[in-house]
Amino acid sequence: MEWIQQLINGISLGSIYALIALGYTMVYGIIKLINFAHGDVFMVGSFIGFYSITVFGLGFFPALILSMAACALFGVIIERIAYKRLRNATRIAALITAIGVSLLIEYGVIYIRGAQPEAYPDVFSNRSFAFLGAQISIQSILILSVSVVLMILLQFIVHKTKTGKAMRAVSHDTEAAKLMGINVDNTISATFAIGSALAGAAGVIFGVYYTKIDPLMGVIPGVKAFVAAVLGGIGIIPGAMVGGLVLGVVETIVSALGFSLWRDAAAFIILILILIFRPSGIFGKNTREKV
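All values derive from a computational prediction rather than experimental measurement.

Conventions adopted
- Residues numbered from 1 in each chain as written.
- Predicted model: local features only at pLDDT ≥ 70, side-chain atom pairs only at ≥ 80, totals over all residues.
- Heavy atoms only, no water.
- Helix = DSSP H or I, 4+ residues; strand = E, 2+ residues; numbered from the N terminus.
- Rg over C-alpha atoms; globule rule 2.2 N^0.38 Å.
- Buried < 20%, exposed > 50% of the residue type's maximum accessible area, 1.4 Å probe, protein only.
- Areas by Shrake-Rupley, 256 points an atom, 1.4 Å probe, with all protein chains shown as cover.
- Lys, Arg positive; Asp, Glu negative; His and termini not counted.
- Charge placed at Lys NZ, Arg CZ, Asp CG, Glu CD.
- Expected span 1.5 Å × (residues − 1).
- Contact = heavy atoms within 4.5 Å.
- Polar contact = N/O pair within 3.5 Å; in protein donor to acceptor, adjacent residues only side chain to side chain.
- Axes fitted to C-alpha atoms, helices over the stretch in contact; angles between N-to-C directions.
- Parallel < 35°, antiparallel > 145°, perpendicular 65-115°, else oblique.
- Nonpolar A, V, L, I, M, F, W, Y, C, P; charged D, E, K, R; others polar.
- Arc of directions from axis to C-beta.

Colleague: Can you break down the overall build of the chain residue by residue, with the values?
Modeller: Within the chain, the regular secondary structure consists of eleven helices and four strands. Relative to its length of 291 residues, the chain is compact, with a C-alpha radius of gyration of 19 Å against a globular reference of 19 Å. A principal-axis box enclosing the C-alpha atoms of the chain has dimensions of 60 × 45 × 35 Å. Here the chain holds 291 residues, and 48% of them are scored as buried. For the chain, the accessible area works out to roughly 14500 Å², and carbon and sulfur atoms hold 68% of it. Across the chain, 20 positive and 13 negative side-chain charges occur, with their mean positions spaced 11 Å apart.

Here you go:
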């Protein structure tokens with residue numbers, strides 16, 4: 001019964017990692033950029049959800065939608081101001097810029113509202129259901145349901161819409177996509193918008209699940225989501241989903257075995273092992289790159 005309970009907790013945590021990892025993998029798949037500011041977009045989304053609930057009195061779902069919309073706009077602004085002019089720059093220049101944007105967001109939020117943490121209000125009842133002897137809270141069910149719906153919606157957008165087809169074309173060959181009349185700039189902005197919206201949703205879900213939020217909360221989940229993206233195969237959307245779920249379950253199992261102090265280290269041990277034995281990730285394929 002305890003292992004079933006831990007598995008459920010791990011899937012709930014992993015779904016949060018998966019939502020953040022999707023933003024990493026989408027941006028990398030389009031412009032080969034590791035957007036380390038993505039974890040801070042997740043943090044901003046969490047605070048937008050918090051103020052939507054506490055100040056404006058919105059419910060969970062309106063706060064979730066508002067946070068996703070605001071983070072989508074925020075992601076587009078970041079891309080247009082910080083990354084657009086670096087399209088043809090070296091990868092190290094883009095990487096350093098991403099780290100700079102991350103620090104700017106973190107300490108900008110601290111400057112505006114202070115560094116004190118906040119406690120998310122309890123938006124769900126404490127009821128739970130018994131399943132095979134384990135107690136599953138309504139909160140866990142709702143979090144997992146929202147995550148799954150968002151992932152399915154993303155798959156629909158990528159594979160069934162005009163924007164999704166443009167994203168896949170740009171990812172495959174940017175120059176050929178331009179010749180076919182695809183607006184590459186708008187496609188990249190759409191990618192940032194979708195990825196940032198998912199990060200905003202993850203921020204609200206994280207706040208509801210863990211209660212405590214603060215301006216530096218995006219650092220560790222952001223890095224873990226990057227590990228999840230690498231685990232699944234960076235640039236591959238289903239890989240980010242699976243990688244996030246695997247990482248969440250592994251962390252929960254490590255804690256259940258009594259090694260809770262090692263749960264953060266587990267993510268980096270996984271990263272080291274995957275880079276040594278399968279650098280392309282679970283769903284990735286080894287390809288040659290012309291230098």
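Colleague: Give me the lowdown on helix 10 (residues 237-256), citing residues and values where you can.
Modeller: A rise of 1.5 Å per residue sets the reference length of helix 10, with its 20 residues, at 28 Å; its end C-alpha atoms lie 29 Å apart and thus fit the reference within 8%. Among the residues of helix 10, those classed as buried are Ile237, Gly239, Ala240, Met241, Gly243, Gly244, Leu247, Gly248, Val249, Glu251, Thr252 and Val254. The elements touched by buried residues of helix 10 are helix 1 (2-31), helix 5 (138-160), helix 9 (219-232) and helix 11 (263-277). Of the residues trailing helix 10, Gly258 is marked for its positive phi of about 95°.

Colleague: Any chance you could break down the environment of Lys224 for me, citing the residues and the numbers?
Modeller: Mapping Lys224 onto the fold places it in helix 9. A polar contact is formed between the side chain of Lys224 and the side chain of Asp264, at a distance of 2.4 Å.

Colleague: A description of the packing of helix 5 against helix 10 should follow, citing residues and the corresponding values.
Modeller: Working note: a packed helix pair is described by the angle between its axes plus the distance between those axes. Where helix 5 meets helix 10, the axes come as close as 11 Å, and the angle between the chain directions of the two elements is 170°. Taken as axis vectors, helix 5 and helix 10 run roughly antiparallel relative to one another. Residue-level inspection shows Met151, Leu154, Gln155 and Val158 of helix 5 in contact with helix 10, the latter providing Ile237, Pro238 and Met241. A per-class count over the contact of helix 5 with helix 10 returns six nonpolar, one polar and no charged.

Colleague: A description of helix 6 (residues 162-172) should follow, citing residues and the corresponding values.
Modeller: Quick reminder: α-helices carry 3.6 residues per turn. Residues three or four places apart thus point the same way. Looking only at helix 6, the buried set comprises Gly164, Ala166, Met167 and Val170. Projected down its long axis, helix 6 shows its buried positions confined to an angular sector of 160°, all on one face. When the buried face of helix 6 is taken as reference, the exposed residues oriented beyond 90 degrees from it are Lys162 and His172. Taken together, the buried residues of helix 6 touch helix 1, helix 5, helix 7 (174-179) and helix 8 (184-210).

Colleague: So what about the side chain of Ser102? Which residues, and what values?
Modeller: You can see Ser102 is positioned in helix 4 (residues 91-113). According to the relative accessible area criterion, Ser102 is buried, its value standing at 9%. If near-sequence neighbours (up to four positions away) are discounted, Ser102 is found in contact with Phe36, Ala37 and Asp40.

Colleague: Could you give an account of unusual backbone geometry, naming the residues involved and the relevant values?
Modeller: Located in the positive-phi region is Lys32, a residue other than glycine, with phi close to 55°. Tracing the sequence through the fold places Lys32 in the loop between helix 1 and helix 2 (38-54). Residue class for Lys32 comes out partly exposed when judged on its relative accessible area of 37%. Backbone geometry places Thr211, a non-glycine residue, at a positive phi of 75°. With respect to the secondary-structure elements, Thr211 resides in the loop between helix 8 and strand 4 (212-213). According to the relative accessible area criterion, Thr211 is partly exposed, its value standing at 35%.

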